[in-house]
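# Descriptive structure summary
Each chain, letter by letter, is given below.
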Amino acid sequence: MIDYRIERGSGVPAYVQIVEQTERALRMGTLRVGDKLPTAKEVVAATAINPNTVLRAYRDMEQAGLVELRRGLGTFVTRSLARPAAEDDSPLRGELTDWVARARAAGLERADVLALVTAALDTYDDEYDSSTRATGNDRRRTHDPA
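Here is what the cut-offs are and how they apply
Residues numbered from 1 in each chain as written. Predicted model: local features only at pLDDT ≥ 70, side-chain atom pairs only at ≥ 80, totals over all residues. Heavy atoms only, no water. Phe/Tyr/Trp six-rings, centres within 6.5 Å; stacked < 30°, edge-to-face > 60°. Lys NZ or Arg CZ within 6 Å of the ring centre and 35° of its normal. Core = buried A, V, L, I, M, F, W, Y, C linked by side-chain atoms within 4.5 Å. Buried < 20%, exposed > 50% of the residue type's maximum accessible area, 1.4 Å probe, protein only. Helix = DSSP H or I, 4+ residues; strand = E, 2+ residues; numbered from the N terminus. Contact = heavy atoms within 4.5 Å. Salt bridge = Lys/Arg side-chain N within 4 Å of Asp/Glu carboxyl O.

Moving on, we come to the packing of aromatic side chains. Enumeration according to the criterion identifies zero aromatic pairs in this entry. Against the face of Y15 rests R56, its NZ or CZ located 3.7 Å from the ring centre. Geometry around F76 places R70 over its ring, the cationic atom sitting 4.2 Å from the centre.

This part is about the nonpolar core. Ranked by size, the top nonpolar core spans 22 residues in total, and within it I18, L37, Y58 and M61 carry the most contacts. Those elements that place two or more of their residues in this core are α1 (14-28), α2 (40-47) and α3 (51-63). The biggest single contributor to this core is α1, with six residues. For I18, the contacting residues outside a window of four places in its chain are Y4, I6, V43, I49, V54, A57, Y58 and M61.

Right, let's talk about the pattern of salt bridges for a bit. Evaluation of the coordinates by the stated rule reveals two salt bridges. With a shortest N-O distance of 3.0 Å, R5 and E7 are connected by a salt bridge. A relative accessible area of 45% means that R5 is categorised as partly exposed. When its relative accessible area of 37% is taken as the criterion, E7 is described as partly exposed. Two residues, E68 and R70, come together in a salt bridge whose shortest N-O distance is 3.0 Å. Judged by its relative accessible area of 35%, E68 is partly exposed. For R70, a relative accessible area of 34% translates into the label partly exposed.

See the structure below:
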């Protein structure tokens, strides 16, 4: 089961945060096809947000084909976004967890870690885009030579 956490000062609407957290759980393999999401009432009790906000998030996810609302039964995951390298037991996930622990031990806060990861992804994507344009090769690199 997923526990939603709403960051009120983030500027991101609560329903978007619910969708993003669900997508993240689907990518990480924490939520799997057939799993039941918490009821709107449970989410409201845990987060103190409006029930309509939860229902909007669930409707958006249903329209995206991620979940199915079954009247009287609940909301169930219908599609996975998981990739093997992102699941809990993958070596890549373990390495990233260790790196995050080192970053936190160095005094970085969550926003700092996210900024670093975003910057690294942006740099990688920029290099990939220039490499693709230069070579005409549209295959993703699996590793960078050191």
